[in-house]
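Summary of structural features
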Amino acid sequence: MAHHDLPLLRLCSFDKMKFMKLGSKPDSFQTVGNCVRCVSSELETDVIIKVEDIKFHLHKFPLLSKSNILQSLFRKASEESSDEIQLIDFPGGPKAFELCAKFCYGITVTLNAYNVIAIRCAAEYLEMTEEIDRGNLIVKIEVFLNSSVLRAWKDTIIVLQTTGFLLPWSEHLKIAGRCIDSIASKTSVDPSLITWSYTYNRKTTLSEIMRTGIKSPKKSESVPKDWWIEDISELDIDLYKRVMVAIKAKGRMDGILVGEALKTYAIRWLPYTVEELISESHILRNKSLVETIICLLPSDKGITCCCSFLLKLLKVSILIGVDASSTEDLIDTIALKLDEASVNDLLIPARQPQETTYDIELVMQLLQKFVASQEQNCESKMVKNNANEGDFVLGHGSWLKVGKLIDCYLAEVAQDRNLSVDSFIKLSQAVPKSARPIHNGLYRAIDIYLKEHKNLTKLDRKSLCELMDVKALTTEAAMEAAQNEQLPLRVVVQVLFFEHARAALCAAKNSGKSTNGAIQSDDKTVPDSFRDEMSKLKIKGEESQSDTNLSKKDSMNGTGPRLLPLRSRRILDNLFLVRKGAGGSVENKSSETSISSQSPTSVVRGAAQSSSLGRNQRHSIS
């Protein structure tokens, strides 16, 4: 193949490309017609050599003095009384042969990174060795490769790229391996010792490639550690894989840089549109590219790509149908870094036969793998909480981040009408309790789900709300929940109860009173007498429709501004009765403020006959 047929890489540098001139005579080759090349000479040509569809009319003597294979072919042609020979499967094509022929004639030939491998393979085919003539073409090319080309950064990459078009000759001559070893060695050089030019279009990070030009290192500038990444990204996938394997094998490259190199390569070569990704003409290449990047990823959490990029790579893998084992490897890698993900990253389209918009099962799989990895390293990640055997107190923020991430993800997917209650509950319960110390995010997700799924049964609503611990709500979230008509009455009662208990504790602390038996961080979160009374409070069901109508009527009658709806106020009044009755020192409220006399749906049994509520008296709100 001619050197002008080889792909020209985007590696032109400010440095002059290395070159070597052989011979001194002027060029005397001429074109006759479309398929004939001949030498302008007083002597008549005596041999015709055909390479592909081009015929070269040449002289035997200069060729015989340099090529062993031509000597053999000329003898065979003479025996057959023929003056034409054909070179089959000639490496580099007619252009490479012409350069070799010019060398035989002593005509000036210029070797450079673009043509040196084609000429080297052609010289090997023609057997232009030292046994035939001292200072023959092969030895001269080897000197040029070793002393110039392989010592130059960009020239080496160009040469490596050309080897792919000269197989199997380039592999037989081990040229690709020599180039790869040279590149890998240069990437390990101390950046302060680098004097060659390199392509560096990224200004601050490796997140985006800004193709604005080529940067040549200056003495006044420090060379970045990732200076080599963009240049090797121009290699074909097979050669790129070999280079990255060699770089990793050196054992001197930071894994983070390896991850960034893979990210840059993916950005450089993966199509930007879904149509191009899955098109028949590109899908096989895209699969190979993605599978190669996955197999090159560092496996340890601390030395790989950012989680956002890995999740995008996972989306592509699923879309184009990458090999299942490669996808599973990628999932394992992502699971180790799940705490770095964002909600948008996790919004991966669902696979068949799932009916949801997003792939809930995949997120569940990632979460389970993350939890398993954390539990395996619990000694370094967590410390045991002596107060609650079996619970863990976080040693690192990654646990909390994942808990918050899943709650936000639930809030996002809760809008999907096809998301079942069981799927919502299953994903929520997969988050360990210690990763969710505050339930505000879970409350919002449940609230959104209830609003988007109006036809839920009472049992489903109850199951959803049982996921939430009202003690773990902040004051702001609790006040909102107390006014939320989507929630079952039982949950509202619980919210009001614990908010009242929390207020009582604050008041006690502010007044300097003893807080023995008061709110802590577990079930013993209220005064003992108050908790005993509320344990006997039985909620029979949801608020009736008549209570809702009464609340609306009172609001329309302008009975004054309220912080809570009428239902919540009546429940709170009842709690005050229980609280004061438990102390045995405060008289019961009159029938004008009693929830039993004002609400047709709420009854406090025995309140009308007693001036105070006994500690063991039973109440029921229905």
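Scanning the protein from N- to C-terminus turns up 28 helices and twelve strands. Buried positions account for 47% of the 622 residues belonging to the protein. Look at the contacts in the protein between residues 6 or more apart in sequence, and 68% of them connect residues 24 or more apart. Roughly 31,400 Å² of accessible area belongs to the protein as shown, and the carbon and sulfur atoms make up 50% of that amount.

Let's shift gears to the pattern of salt bridges. Evaluation of the coordinates by the stated rule reveals 19 salt bridges. Between Glu98 and Arg37 there is a salt bridge; the shortest N-O distance is 2.5 Å. Here Glu98, found in helix α3 (residues 93–105), pairs with Arg37, found in strand β3 (residues 36–39); they are 61 residues apart in sequence, far enough to count as distant. By relative accessible area, Glu98 is classed as buried at 6%. The class of Arg37 is buried, set by a relative accessible area of 16%. In this structure, the salt-bridge partner of Lys369 is Glu328, at a minimum N-O distance of 3.4 Å. Of the two residues, Lys369 sits in helix α17 (residues 360–376) while Glu328 sits in helix α15 (residues 324–335), which places them 41 residues apart along the sequence.

Quick look at the nonpolar core now. Core analysis: the biggest nonpolar cluster contains 159 residues, and Ile49, Leu58, Trp228 and Ile232 have the highest contact counts within it. Broken down by element, the residue count for this core peaks at nine residues, all from helix α4 (residues 116–126). If sequence neighbours within four positions are ignored, Leu58 has contacts with Phe29, Val39, Thr45, Asp46, Val47, Ile49, Leu63, Phe97, Ala101 and Tyr105.

As for its placement among the helices and strands, Asn286 is situated in helix α13 (residues 283–296). On the basis of relative accessibility, which here comes to 0%, the residue Asn286 falls in the buried class. Beyond its immediate sequence surroundings of up to four residues, Asn286 is in contact with Leu270, Pro271, Glu276, Leu277 and Ile320.

The subject of this paragraph is the packing of aromatic side chains. Between two aromatic rings, the relevant description is the distance of the centres plus the angle of the planes. This model, assessed by the stated rule, comprises 14 aromatic pairs. Summarising the aromatic geometry, the rings of Phe29 and Tyr105 are spaced 5.9 Å apart at their centres and angled 90° between planes, so their arrangement reads as edge-to-face. Here Tyr105 lies in helix α3 and Phe29 lies in strand β2 (residues 29–32), a separation of 76 residues in the sequence. Across the pair, exposure class does not vary: Phe29 and Tyr105 are buried alike.

On the surface, Val274, Ile278 and Leu319 cluster together into a nonpolar patch covering about 230 Å² of accessible area. Its location among the elements puts Leu319 in helix α14 (residues 307–320). On the basis of relative accessibility, which here comes to 41%, the residue Leu319 falls in the partly exposed class.

What follows covers the sheet that holds β3. Reading across from one edge, β2-β3-β5-β4-β6 is the order of the five strands in this open sheet, with mixed pairing throughout. Edge positions in the open sheet fall to β2 and β6 (84–87), since each of these has one partner strand only. Adjacent strand axes in the sheet meet at a mean angle of 25° when their direction is disregarded. As judged from the three bridges shared by β3 and strand β5 (residues 54–58), these two strands associate in the parallel manner. Paired with Val36 across the bridge in β5 is Lys55. Packing of helix α2 (residues 68–79) onto the sheet brings it into contact with β4 (47–51) and β6, and relative to β6 it is tilted by some 135°.

This brings us to the packing of α3 against α4. Their axes nearest at 9 Å, the elements α3 and α4 cross at an angle of 70°. Here α4 runs roughly perpendicular to α3, going by the angle between their axes. Of the residues in α4, those touching α3 at Ala96, Phe97, Leu99 and Cys100 are Ala118, Ile119, Ala122, Ala123 and Leu126. For the contact of α3 with α4, the residue count by class is nine nonpolar, no polar and no charged.

Moving on: the pairing of β5. Here β5 shows a buried face lined by Ile54, Phe56 and Leu58 and an unburied face lined by Lys55 and His57. As defined by bridge partners, β4 adjoins β5 across five bridges and the pair is classed as antiparallel. Looking at β5, one finds that Ile49 is bridged to Phe56. Taken together, β4 and the strand that follows it, β5, pair antiparallel across an intervening segment of two residues, in which Glu52 is found at a positive phi of about 55°.

Another point: the state of the cysteines. Under the criterion given, the structure shown has zero disulfides. Left without a disulfide partner, Cys307 is nearest to the cysteine sulfur of Cys306, which lies 7.8 Å away.

Time to look at the packing of α14 against α15. One way to put it is that α14 packs onto α15 with a least axis distance of 10 Å and a crossing angle of 160°. In terms of orientation, α14 lies roughly antiparallel with respect to α15. α15 is crossed by α14, and the crossing has left-handed handedness. Contacts from Cys307, Leu310, Leu311, Leu313, Leu314 and Ser317 in α14 reach Thr327, Leu330, Ile331, Thr333 and Ile334 in α15.

With that out of the way, let us pick up α14. In a regular helix each residue adds 1.5 Å, so 14 residues correspond to 20 Å; α14 covers 20 Å between its end C-alpha atoms and thus fits that length. Those residues of α14 that fall on the buried side of the exposure criterion are Cys307, Phe309, Leu310, Leu311, Leu313, Leu314, Val316, Ser317 and Ile320. On its buried face, α14 sits against α11 (255–269), α12 (274–278), α13, α15, α16 (343–346) and α17. Backbone geometry just downstream of α14 places Gly321 in the positive-phi region, at approximately 75°.

Our focus in this paragraph is the confidence of the model for the protein. Counting all residues, the mean pLDDT for the protein is 78, and 72% of those residues have values of 70 or more. Here helix α28 (residues 595–598) is the element of the protein with the lowest mean pLDDT, 32, and α4 is the one with the highest, 96. Predicted confidence for residues 578–622 stays below pLDDT 50, and this span has 88 contacts to residues more than four positions away or in other chains.

On to α3. Helix length check: α3, at 13 residues, gives a terminal C-alpha distance of 19 Å against a target of 18 Å (1.5 Å per residue), a fit within 8%. Counting buried positions over the 13 residues of α3 gives twelve, a clear majority of the element. Burial in α3 covers these residues: Gly93, Pro94, Ala96, Phe97, Glu98, Leu99, Cys100, Ala101, Lys102, Phe103, Cys104 and Tyr105. Downstream of α3 by a residue or two, Gly106 has a phi angle that is positive, lying close to 85°.

Criteria and thresholds
- Residues numbered from 1 in each chain as written.
- Predicted model: local features only at pLDDT ≥ 70, side-chain atom pairs only at ≥ 80, totals over all residues.
- Heavy atoms only, no water.
- Helix = DSSP H or I, 4+ residues; strand = E, 2+ residues; numbered from the N terminus.
- Buried < 20%, exposed > 50% of the residue type's maximum accessible area, 1.4 Å probe, protein only.
- Contact = heavy atoms within 4.5 Å.
- Areas by Shrake-Rupley, 256 points an atom, 1.4 Å probe, with all protein chains shown as cover.
- Salt bridge = Lys/Arg side-chain N within 4 Å of Asp/Glu carboxyl O.
- Core = buried A, V, L, I, M, F, W, Y, C linked by side-chain atoms within 4.5 Å.
- Phe/Tyr/Trp six-rings, centres within 6.5 Å; stacked < 30°, edge-to-face > 60°.
- Patch = residues over 30% accessible without salt bridge, like charges linked within 9 Å, V, L, I, M, F, W, Y side chains within 5 Å.
- Pairing = 2+ DSSP bridges.
- Axes fitted to C-alpha atoms, helices over the stretch in contact; angles between N-to-C directions.
- Parallel < 35°, antiparallel > 145°, perpendicular 65-115°, else oblique.
- Nonpolar A, V, L, I, M, F, W, Y, C, P; charged D, E, K, R; others polar.
- Disulfide = S-S within 2.5 Å.
- Left-handed = near helix turned anticlockwise from the far one by under 90°.
- Expected span 1.5 Å × (residues − 1).
- pLDDT = per-residue confidence, 0-100.

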